[in-house]
Amino acid sequence: MTNNEATNNAGAVDALTTASPVQKPDARPLRRIRVPEKLRNLELFLLLFACVINGAAVVMVQLGAQGLVDFGQVALLGVGLAVLVIGMHVALRFVAPNADPFILPIATLLNGIGIAEIYRIDIEQGATGWDSTSERQVVWSAVAIIIALLVIVFLRNHRVLQRYTYVFMVISGVLLLLPILPGIGKEVYGARVWIGIGPFSFQPGEIAKIALAIFFAGYLVSRRDSLSMVGRKFLGMRFPRARDLGPILVIWAASMAVIIFQHDLGTALLYFGLFVVMLYVATARLSWVIIGIGLFLAGALVASQVLVYVNDRFANWLNPFDPVNYDAQGGSYQLVQGLFGLANGGLIGTGLGQGSPSITPLAQSDYIIASLGEELGMAGLFVILCLYLLFIARGLRISFAGTDDFGRLLGVGLTFVVALQCFIVIGGVTRVIPLTGLTTPFLAAGGSSLVANWIIVALLLRLSDTVRSQPRLVV
Amino acid sequence: MNRELKRVTIVILAMFAALFLSVTTIQFFSADALANDSRNARTIYASYSKQRGPILVAGQPIAQSVPSDDQYKYQRTYPNGPLYSSVTGYYTLDQGSTGIEAALNDELAGTSGSQFLSQLNSIVTGQNPQGASVELTIDPKIQQAAYDALGDQQGAVIAVEPKTGRILAMVSKPDYDPNTLAVHDTDEVIKTYNALNTDPAEPLINRTLDGNLDPPGSTFKIVTSSAALQNARLPGDTQLPNLSGYQLPGSDHVVSNAGGGTCGPGDTVSIETAFVLSCNIPMAELGVMMGQKNLTDMANAYGYNSSFDSPIPVEASQFPPLKDDPAQLALSSFGQANVRSSPMQIVEQSMAVANGGVIMQPNLVDTISAPDLTVLQQFQAKTLSTPITSITASTLSSWMVEAVNSGAATNARIDGVSVAGKTGTAENGTGDPYTLWFTGFAPADNPQVAVAVVVQNGGKLGQSGSGNTVAAPIAKKVLEAVLNK
C-alpha cells in the first residue's frame, strides 16, 4: 500500500455507503464518522490534563520534602516537558492526524511522574544542578521526544521498515555486541550492558529491542509459511522440522550470550520473550511457545547452576529475609529495602516528598517503582499499572485492527516488549520473579530507556495513524 | 492472527494480574509484618518524624525533641542529662530505650489509645503530629539535693511522699548522659552504649529499682519487728537473752553484734532496745522464736517477691522461702542470708511506718497532657498494700525516732525536727565491702517525706564504714531539702 495520508475519511464513508444497498447515497448529508480534529482535540485535552498532573506532582514533592515551592524548578521540570509534548502534538496534527489520541498523553504522564519522583530523590540526596538526575532526565526526555518527533515526521509509512529487515538485524546484533567490546563497554553493578563514550554512557540494548522487533516482524512475515505449515504432528501439535529450528536457536543462543557475557538476565528474557510471542502470533503454532519456554527454562536452569550471579538472584528471590542472603555482597538487601519501602507506603502512601525512598539502592532507576509505591501507596501503583495497561491496550488495538501483517506483527511486538519489560522489572521488585536489572518504561531515570520507549511511542502513533486512515470502519 | 492476539492479550492480562496481586500482598496484607522487621529503618524514621512529647519536671523539660535538619526531623535532648538519667532513661535510634522513655513510650510517641482521636485530627488538619507531654512528680530541688548528697558514691537515693506515694527524687550513681545515646549516628550510639554497658560500675543500671539488689542488713529489722509485734503478737518489751555471741542453730557459725559485745547492759534485752541499738543477736533470737511463717508473711506483706510499675517497672525484692532452716531464719531476721532489697523496697518499709501502716504505691507521673493541653491522665494516689496496723506503725515510728535521737542512727538528727530512721550495714561476703543503708522519714509526727539511701562498695571504706556514718548524712541532706522548702 502506498502512503496513506491521501486516503481521507470521506473515502471510508463512501466505502460503507456503496456497500449497503438500502441507503441511498444522496438521501441526507453524510455524517463524517472519523474526524481527525476530534481525535487531536481529545489528545490535546488529555495532554494538558497530564501536564497539569505532572506540574502538580513537582509542586507536591517540593511541599512535601521542603515545605516551600520553588517555581524555577517547577518551570524546568514541569513546563519543560509540557512544551515538548505539545510540540509533538502539533506535529501530529500535520503528519499523523489519525493517530491514537491516548498513547501520547499516557507516555507524557508516566514520564512526568517519573521526573517528579526522581526529583524527590534528588532532594533527599541533596543533588542539585547538573548533578541532579531529574534535570538530566528532563534533558534526556527532550532528546527522546525530539527523536520520536523525527521518527514520526520522516517515517510516513511504517512498511518502509520492512525493506530494511536485515539491516535491522545487523543493527540489533551490533548494539548487543557493543558493550562487550573492550574500550567502550562498561560494567555497572556487575552487568556489562553499558557503553561509554567520553562523559556519556548509554545502554544500547534498549534501542536493540526496537531493532529486534522490526527485524522479527519483517523476517517472520516473509518466512511464516515455512515455519507454520510443515512439520510433524506430535501430541496433537505440529512441531517444526529440525532445519526450521534455526532462527529460534540463534535467538536463544544470543539470549544465553547476554546472560553469560553481559550478566543481564532481564534483557535476555525480554528479547527471547519478544521473539517467542512474535513467532507464535505469526505462525499460530503453540509448539513454538512450548519449544521456546522449554529452551529458556533449560538455559536458565543450567545458568543458575553454573553462573554464581544467577544462582544468587534465585536465592535472593526465594529467601530474601534470610540474614545470609540479606548481608551477602550482591544479596537481597536492595530487594528487602524495596519491600520495606512499599510496606511503608501502605494503601495510600506517605505522600510525595514524605517517604524515605533513597534508603533503597538505585531508587531512581531500577527501583523507581518501589519509590513511587512508597510515596503514592498501593492506590498510586494501581493507577500506574492501569496506565501501562491502557497503553498496552491501545498498542494491541493497532494489531487487532491492522490490515498488513508486517504492521500487525510490529505492533504486537512493540507493545509486548513494553508489557514484558513492566512485568520483569515490577515483578522483580515485588517478588513475583527473581530481580533483574531493567528500567521501568518511561518512569525510570535513564536516557537510553527514555529514547527507546519514546521511539516505540512514535512507531505506535505511526501505525495507529495508518490503521485509522485505511478505508475501514472497524477501529 | 486475531486468535493469537487474543491469547497474547490474555497472557499480558495474567502478567498484570500477578503484579496487582503482589503489590496488594506487599502493601496491604504483609505491610505490618514488614514494618516490624528489625532491619526496617523506615519504621525508626517514622517514629522520629513525629515530635515526641517532652518529659517535664516542675514545668521544665528534662527530655524534649527539638527540630533537627537531618532525615529524622527531631533530635531528642536532655537539658540536665546526668541529673535525671535514672528517671528519663535513654532513647536511642535503634538500640532500645529505658526509664520513662520506655515505660511511657506509647504516650510520648502519641500512639496510645487515648491519643487516637487527636492523632486522627492532626492528620486531617495537616498539623505535625505530636506526642503527649509527661509531667513528673519529681521535685527539682530535692532531686538536686539528693544528687549532690550522694556525691561520687556508688549507690542510690529515693525520696517519696508517704501520704500519696509521689516520688520526689530518684537518683542512681554512677550516672550517664542520655544525650550521648540520643545522637543520630547508630555506630556512635553502639560504641557509647558498649562502653557504658561494659563499665564495671554499671552506670546504665537504675539502682533505685533494679540491678544487683543488695542485702538490706539492719533496715530489714523493721520487717522483723513488724512480724513480732503484729503476727506473733509479742509486746515491744519482750525480753530476749542478751548474748555477746550467738551460735546459729544447727551450725557452728557464730553471729556477733555490730561492734562486738552485748546489746547494752543486762542479761536480757527488749525488742525495742535491740531495734534502737540495731543489735543482730536479739533479732536472730526473735526470728527463731516467732518462726519462719510469721517473718515470711510479713516480708511478703511489705512487698517482697512482688513487683509493680512506677510506671518504670520495679524489680521484686527477694525473700526466698526458708525451707525450715533455722540458721537461715536467724540470718534473714537481720537482713542477711538470701534477703535482697532495692531502695524502693526499703523506702516502702519507712512509708508503711510513716503512713499508719499503709504503703501508697510509689509513682513518678503527675499528669499526661495532649499537645493541646487537655489532660489525658492525672495522677491518683492508690494503696499498694497495708502490711501493719496503725498501732504497730506508731510503735515502730517511736522506735525509729529513738534510733535517731540516741540509738544507731544519730547522724540523721536535724535540730528542731523529730526524724525517724533506721540504718543498715550489710555484709556481702567475707572481706567484701559492706553495703550501707539508711531509711527514715520526717517530721515523725506529720511525715512529709520518706527516704531510702543505699551506698554500695562500702562507701569506699571497705568494711570500716557503717550506715550511720555514710548513708545517714546523705539522707539527712535530702530530708533537710524537703523540710526547708
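Residues numbered from 1 in each chain as written. Chains lettered and ligands numbered in written order. Predicted model: local features only at pLDDT ≥ 70, side-chain atom pairs only at ≥ 80, totals over all residues.

## Here we look at the overall build of chain B
Inference 1: In terms of regular secondary structure, chain B is built from 17 helices and 19 strands.
Inference 2: Counting over 485 residues, chain B shows a buried share of 51%.
Inference 3: The long-range share in chain B, meaning contacts at least 24 apart out of those at least 6 apart in sequence, stands at 69%. (Helix = DSSP H or I, 4+ residues; strand = E, 2+ residues; numbered from the N terminus. Buried ≥ 20, exposed ≤ 12 C-beta atoms within 10 Å, placed from the backbone. Contact = placed C-beta atoms within 7 Å.)

## Points about the overall build of chain A
Inference 1: Looking only at helices and strands, chain A has 17 helices and five strands in total.
Inference 2: The buried share among the 475 residues of chain A stands at 52%.
Inference 3: Considering only residue pairs separated by 6 or more positions, chain A has 71% of its internal contacts joining residues 24 or more positions apart.

## Section: the sheet that holds strand β6 (residues 167-173) of chain B
Residue and element names in this part refer to chain B.
Inference 1: Strand order in the open sheet formed by five strands is β6-β5-β19-β18-β17, and the pairing between neighbours is antiparallel. Both edges of this open sheet fall to β6 and β17 (420-426), since each of them pairs with a single strand only. Across the sheet, the mean angle from the axis of one strand to that of its neighbour is 5°, orientation sign disregarded.
Inference 2: In the sheet, strand β5 (residues 155-160) pairs with strand β19 (residues 449-455) via six bridges, with the strands oriented antiparallel. Looking at the pairing, V160 lines up with A450 of β19. (Pairing = 2+ DSSP bridges. Axes fitted to C-alpha atoms, helices over the stretch in contact; angles between N-to-C directions.)

## Here we look at the confidence of the model for chain B
Inference 1: Scored by pLDDT, chain B comes out at a mean of 88, with 96% of its residues at no less than 70.
Inference 2: Two numbers describe this predicted complex: its pTM, 0.65, and its ipTM, 0.89. (pLDDT = per-residue confidence, 0-100.)

## A few points about unusual backbone geometry
Inference 1: Looking along the chain, the bond that leaves K173(B) and enters P174(B) is cis, with omega of 0°.
Inference 2: With respect to the element layout, P174(B) can be found in the loop between β6 and α9 (186-198).
Inference 3: Looking along the chain, the bond that leaves S310(B) and enters P311(B) is cis, with omega of 0°.
Inference 4: Looking at the secondary structure, you find P311(B) in the loop between β11 (308-309) and β12 (313-314).
Inference 5: Of note in this structure, L362(A) is not a glycine but carries a positive phi near 55°.

## Some remarks on the interface of chain A and chain B
Inference 1: Across the contact, 37 residues belong to chain A and 29 residues belong to chain B.
Inference 2: Looking at the side of chain A that touches chain B element by element, the count peaks at 11 residues for helix α15 (residues 368-401) of chain A.
Inference 3: Its residues placed into classes, the side of chain A that touches chain B shows 25 nonpolar, 10 polar and two charged. (Nonpolar A, V, L, I, M, F, W, Y, C, P; charged D, E, K, R; others polar.)

## Observations concerning the pairing of β5(B)
Residue and element names in this part refer to chain B.
Inference 1: With respect to burial, β5 is a largely interior element, six of its six residues being buried.
Inference 2: Side chains G155, V157 and A159 project from β5 onto one buried face, and the interleaved A156, I158 and V160 project onto a second face that is buried too.
Inference 3: Taken together, the six bridges between β5 and β6 define a ladder with antiparallel strand orientation. Within β6, the residue paired with V160 across the bridge is I167.
Inference 4: What sits between β5 and β6 in their antiparallel hairpin is a turn of six residues, with G165 showing a positive phi close to 90°.

## Examining the sheet that holds strand β2 (residues 60-67) of chain B
Two strands in a sheet stick together by hydrogen bonds in their backbones, pointing the same way (parallel) or opposite ways (antiparallel).
Residue and element names in this part refer to chain B.
Inference 1: Here six strands make up an open sheet; going across it, the order is β3-β2-β1-β4-β14-β15 and the pairing mixed. Single-partner strands in this sheet number two, and they are β3 (74-77) and β15 (375-378). Across the sheet, the mean angle separating the axes of adjacent strands is 25° when strand polarity is ignored.
Inference 2: Relative to strand β4 (residues 133-136), strand β1 (residues 55-57) runs parallel, the two being bridged by three bridges. Each bridged residue has a counterpart across the sheet, and for V57 the counterpart in β4 is L136.

## A short note on the packing of helix α8 (residues 204-228) of chain A against helix α10 (residues 265-283) of chain A
Residues and elements named next belong to chain A.
Inference 1: α10 packs onto α8 with a crossing angle of 30° between their chain directions and a minimal axis gap of 9 Å. Regarding the angle of α8 to α10, the classification is roughly parallel. As α8 runs across α10, the sense of the crossing is right-handed. Packed against α8, whose contacting residues are G205, K209, L212, A213, F216, A217, L220, V221, R224, L227 and S228, the element α10 presents T267, L270, Y271, L274, F275, M278, L279, A282 and T283 at the interface. (Parallel < 35°, antiparallel > 145°, perpendicular 65-115°, else oblique. Left-handed = near helix turned anticlockwise from the far one by under 90°.)

## Some details on the packing of helix α16 (residues 405-429) of chain A against helix α1 (residues 2-29) of chain B
Inference 1: The contact between α16(A) and α1(B) brings their axes to 10 Å, and the two run at 20°. Classed by the angle they form, the pair α16(A) and α1(B) counts as roughly parallel. For the pair α16(A) and α1(B), the sense of crossing is left-handed. Contacts between α16(A) and α1(B) involve V412(A), F416(A), A419(A), F423(A), I426(A) and G427(A) from the former and L5(B), V8(B), I12(B), M15(B), A18(B) and L19(B) from the latter.
Inference 2: Of the residues that constitute the contact of α16(A) with α1(B), the class distribution is 11 nonpolar, one polar and no charged.

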